[in-house]
Each structure stands twice: as C-alpha cells, then as structure tokens.
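What follows is each chain in one-letter form.
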Amino acid sequence: MVGEYIARRPIVTINMPAGASANEEQERFWNDVAGPLWVAAEVDIECHTGPFGDVALAVALPANGEAVLDVGCGCGSTAVALAEAVGAGGTVLGVDLSAAMLARAEERLAAGEAPQVRFRRADAQSADLGSGSVDLAFSRFGVMFFSDPVAGFANLRRALRSDGRMVFACWQAPSANPWMAVVNRAAARIFGVDPPPHDAPGPFSLADPERIRAVLDAAAFRTVEITAHQERLRLGVGQAVEDWVHQRLIMGPARPGYLGADPARQSEVRATIAEALAGYRVDADDPMSGLAMDAAAWIVAART
Ligand SMILES: C[S@@+](CC[C@H](N)C(=O)[O-])C[C@H]1O[C@@H](n2cnc3c(N)ncnc32)[C@H](O)[C@@H]1O
C-alpha cells in the first residue's frame, strides 16, 4: 500500500544542476556538514525550533485551499503542518538546498500523509519559484542564509500573488540567544575564531530589526510587522553536558578547530565549556538533567 503510494508520488527534485545556486558555500555547508547532523539530531532540534514555528504559523494563519511555499523547509515538519492547515485543496512546496534534509522530508510523506506537499531542491534566492501564484511564503529559520538577501526576498515576493503574505521566524542577536552564543563564544576564544560580520549569511544575519526592514523594503514588501518571541529551552536532557557541547561544536563556527584537535584536547575543550555552562544546569546535582537556556526570535510578517 505504502509502496503503491510512493510510486504515485511525483519524484522529489533532489538533483540540482551545477551552478544553479547563488549560495554555493551555504549549499556545501547544508549538504556536507549540517544536513546529515541535522537529520541525526532532528528530534532535539525540533524541540528548539518547534515553539517558534508554532508562533509563526499562528501569525501566518494558512487557510484552507491556499498555495504555500515553505522556504528552507529542512526535514519537512513545517511543510506537513502547513499542509494540515491548507487541507486537501491546498498545496505546499518545500524548497531547500540540502539533499539530506529533503530525503528525510520525503520519508515523512511516505506513509501517505499530506499528498498535497511537494519538495524541491533549489536555491530559494535564485530559483524560479513561479510568478504570482503563492498565497503565503513561510519559513522557520530558513531565510537567514542568502548571500544577497534583497535578491532572495525579491525572489520570494515574485512568487507571491499580488495580495500575498510572507511570515518567517529568524533569530535575534547572540546576546538574546545564550543557548547558541555561550558555546560559540567560548569555542571562538579557545580556537581563535573571529566572529563573522554581523550581516554575513548565518543564523544571526537578520538579528537587527532595522536590517530586516531595510532588506524587505528594498525587496518591495510592505506593512512589515516584527514581533519578539522568547522561549526558555530545555537542552540536552538525558545526556552529559559534554555530549551536548560536542553536538553544538560540530555544527558551530569553531568546527574546523575542534575537529582538527586531537581527542585529548577535544575532551579538554568539552569539559571547559561544560564548566562554563554550570550556571544553566536544571539540577546541579544531576549531570543528566540538561540545561535551561533562553532563546529569542523575531516573528516577521509582511505583505506584497
Ligand atoms: C536552520 S535550518 C531550518 C530548517 C527548517 N526550516 C526547520 O525549521 O527545521 C535552515 C535551512 O535553510 C536551508 N537553506 C539555507 N539557504 C537556503 C537557500 N538559499 N535556499 C533554500 N534553502 C536554504 C538549509 O538547507 C536548511 O535546511
């Protein structure tokens, strides 16, 4: 039954023609480094990002029958949630650079849920996503990686109908996100990594609301509304803090220095950073109780 269903589904476009991406560095990162790690840690990551996605969904209010674009859809959980909202008469196209994450997204559909969802491997900044056919462009943390954000958002705007809307979640500044910043900062000190320029493609490229407004204005969006949302995350529950630190290090900017160090040095670094996180432990006497750390995002809504 499932096999029959899969055979009926159009094949996801996993291959992207060479040179089709305007974001080659990000494409390499999300295919070779982050994608497989993200798939392996999907359940944990979903706990971090899920609450923000739920708020963005509540703002976006996808309606029955609408055509939705899920930008940087990753492993596909938001695409499925969007599909539930638009119903059988609606459509959802999830677009992402990462073949590994899209393969996981496709797996989600294999059981026969959400037949109105399609996934496509493409660069949302430069791919032809259609013109004037989308009601809602949605993204949970997938729009901060464009090499040319104005071009990227202008491309999304082109895909939207004349009365279309866009809603996305993006991270606030590192200072409001200790759950990422504490490890990154400590590792940067240890391995001598310079912080990236504040507007470089990456999780914090849209941290400044003035920049969000300037970029969306230049991409011809209007009535931009930016709302703050904060969560206290429970991280690394049921694992040693050092193991959680390892997960963060191999995804973060100090990855090359960390992976290049010998095992004894790596272990020393993990222990040093775990020590720096002592104040965030849920239960100081229980090493497996995890960490409670703040996370903050902007929920951005704009109209064409
Ligand atoms: C932080 S992850 C978020 C994934 C997913 N939206 C979620 O919330 O789980 C960022 C995603 O954006 C994708 N991405 C980055 N730049 C992109 C681009 N130019 N076009 C399409 N996808 C992109 C990455 O491959 C990755 O899956």
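Okay, so let's go over this structure.

Rules used in this analysis
- Residues numbered from 1 in each chain as written.
- Predicted model: local features only at pLDDT ≥ 70, side-chain atom pairs only at ≥ 80, totals over all residues.
- Heavy atoms only, no water.
- 1 Å grid on protein atoms, 1.4 Å probe; cavity = no way out; pocket = protein on both sides within 12 Å on 5 of 7 lines; lining within 4 Å.
- Points joined across faces, edges and corners; volume = space filled by probe spheres on them.
- Helix = DSSP H or I, 4+ residues; strand = E, 2+ residues; numbered from the N terminus.
- Axes fitted to C-alpha atoms, helices over the stretch in contact; angles between N-to-C directions.
- Contact = heavy atoms within 4.5 Å.
- Nonpolar A, V, L, I, M, F, W, Y, C, P; charged D, E, K, R; others polar.
- Near = heavy atom within 4 Å.
- Polar contact = N/O pair within 3.5 Å; in protein donor to acceptor, adjacent residues only side chain to side chain.
- Areas by Shrake-Rupley, 256 points an atom, 1.4 Å probe, with all protein chains shown as cover.
- Buried < 20%, exposed > 50% of the residue type's maximum accessible area, 1.4 Å probe, protein only.
- Pairing = 2+ DSSP bridges.
- Right-handed = clockwise from strand over helix to strand, strands pointing away.
- Salt bridge = Lys/Arg side-chain N within 4 Å of Asp/Glu carboxyl O.
- Expected span 1.5 Å × (residues − 1).
- Arc of directions from axis to C-beta.
- Core = buried A, V, L, I, M, F, W, Y, C linked by side-chain atoms within 4.5 Å.

1. A word on the layout of surface pockets
At step 1: A volume near 200 Å³ is recorded for the second largest pocket.
At step 2: In terms of lining, the second largest pocket is formed by 14 residues, of which the most central are Asp44, Ile45, His48, Gln239 and Trp244.
At step 3: Those elements giving two or more residues to the lining of the second largest pocket turn out to be α3 (42-60), β6 (222-235) and α9 (241-251).

2. What to know about the packing of helix α2 (residues 24-40) against helix α5 (residues 99-109)
At step 1: Following both chains from N to C, one finds α2 and α5 inclined at 35°, their axes separated by 7 Å at the closest point. Across from Trp30, Asn31, Gly35, Pro36, Trp38 and Val39 in α2, the residues of α5 making contact are Ala99, Ala100, Met101 and Arg104.
At step 2: Tallied by class, residues from the contact of α2 with α5 come to seven nonpolar, two polar and one charged.

3. Overview of the site of the ligand
At step 1: Around the ligand, the surrounding shell holds 18 residues, and the nearest of these are Gly72, Asp96, Asp123, Ala124 and Arg140.
At step 2: Residue Asp96 places a side-chain N or O atom 2.6 Å away from an oxygen atom belonging to the ligand.
At step 3: If the ligand stood free it would expose 590 Å²; the protein chains cover 97% of that surface.

4. Brief notes about the pairing of strand β4 (residues 134-140)
At step 1: For β4, the tally of buried residues reaches seven of seven residues, placing the bulk of the element in the interior.
At step 2: Taken together, the six bridges between β4 and strand β5 (residues 160-171) define a ladder with parallel strand orientation. Bridging from a neighbouring strand, Arg140 pairs with Ala169 of β5.
At step 3: Crossover connection from β4 via helix α6 (residues 149-159) to parallel β5: handedness right-handed.

5. Considerations on unusual backbone geometry
At step 1: We note that Leu61 has phi near 45°; this positive angle belongs to a residue other than glycine.
At step 2: If you trace the backbone, Leu61 turns up in the loop between α3 and β1 (67-71).
At step 3: At Ala220, a residue that is not glycine, the phi angle is positive and equals roughly 70°.
At step 4: The residue Ala220 is located in the loop between α8 (209-218) and β6 in this model.
At step 5: According to the relative accessible area criterion, Ala220 is partly exposed, its value standing at 41%.

6. Structural notes on the sheet that holds β6
At step 1: Strand order in the open sheet formed by seven strands is β3-β2-β1-β4-β5-β7-β6, and the pairing between neighbours is mixed. The strands lining the two open edges of the sheet, one partner per strand, are β3 (117-121) and β6. Each adjacent strand pair in this sheet contributes to an overall mean axis angle of 15°, direction not counted.
At step 2: In this sheet, strand β2 (residues 91-96) lies alongside β1 in parallel orientation, the contact comprising five bridges. What sits directly across from Val68, in β2, is Val92.

7. Quick look at the pattern of salt bridges
At step 1: Inspection of every chain in the model, using the stated rule, returns ten salt bridges.
At step 2: Between Arg104 and Glu107 there is a salt bridge whose closest N-O contact spans 3.4 Å. Residue Arg104 and its partner Glu107 are both found in helix α5; the two are separated by three residues, about one turn of the helix.
At step 3: Exposure remark for Glu107: the relative accessible area of 52% places this residue in the exposed category.
At step 4: The closest approach of N and O atoms between Asp294 and Arg232, which form a salt bridge, is 2.8 Å.

8. As for helix α11 (residues 263-276)
At step 1: An ideal rise of 1.5 Å per residue puts 20 Å on 14 residues; α11 measures up with 20 Å between its terminal C-alpha atoms.
At step 2: Those residues of α11 that sit buried are Gln266, Val269, Arg270, Ile273 and Ala274. Each buried residue of α11 lies within a common arc of 130° when the element is viewed along its axis, so the set occupies one face. Exposed side chains of α11 directed beyond 90 degrees from the buried face belong to Ala264 and Glu275.
At step 3: Where α11 is buried, its residues meet α7 (178-191), α9 and α10 (255-260).
At step 4: The N-cap of α11, judged by a side-chain oxygen 3.1 Å from the amide nitrogen of Ala264 a few residues on, is Asp262.

9. Quick notes on the environment of Leu156
At step 1: Mapped onto the fold, Leu156 is located in helix α6.
At step 2: Relative accessible area serves as the criterion here: at 0%, Leu156 is assigned to the buried category.
At step 3: Distance in space between the C-alpha atoms of Leu156 and Phe138 is 9.8 Å, their sequence separation being 18 residues.
At step 4: In this structure, Leu156 is in contact with Leu69, Val71, Ala124, Leu129, Val143 and Met166, ignoring residues within four places of it in sequence.

10. Considering the nonpolar core
At step 1: In terms of nonpolar packing, the biggest core is built from 86 residues, with Phe153, Met166, Phe168, Trp171, Leu216 and Leu277 touching the most fellow members.
At step 2: Of the residues forming this core, the biggest block, nine residues, is contributed by strand β7 (residues 291-303).
At step 3: Sequence-distant contacts of Phe153, defined by excluding residues within four places in its chain, comprise Val143, Phe146, Met166, Phe168, Leu206, Val215, Leu216, Ala219 and Phe221.

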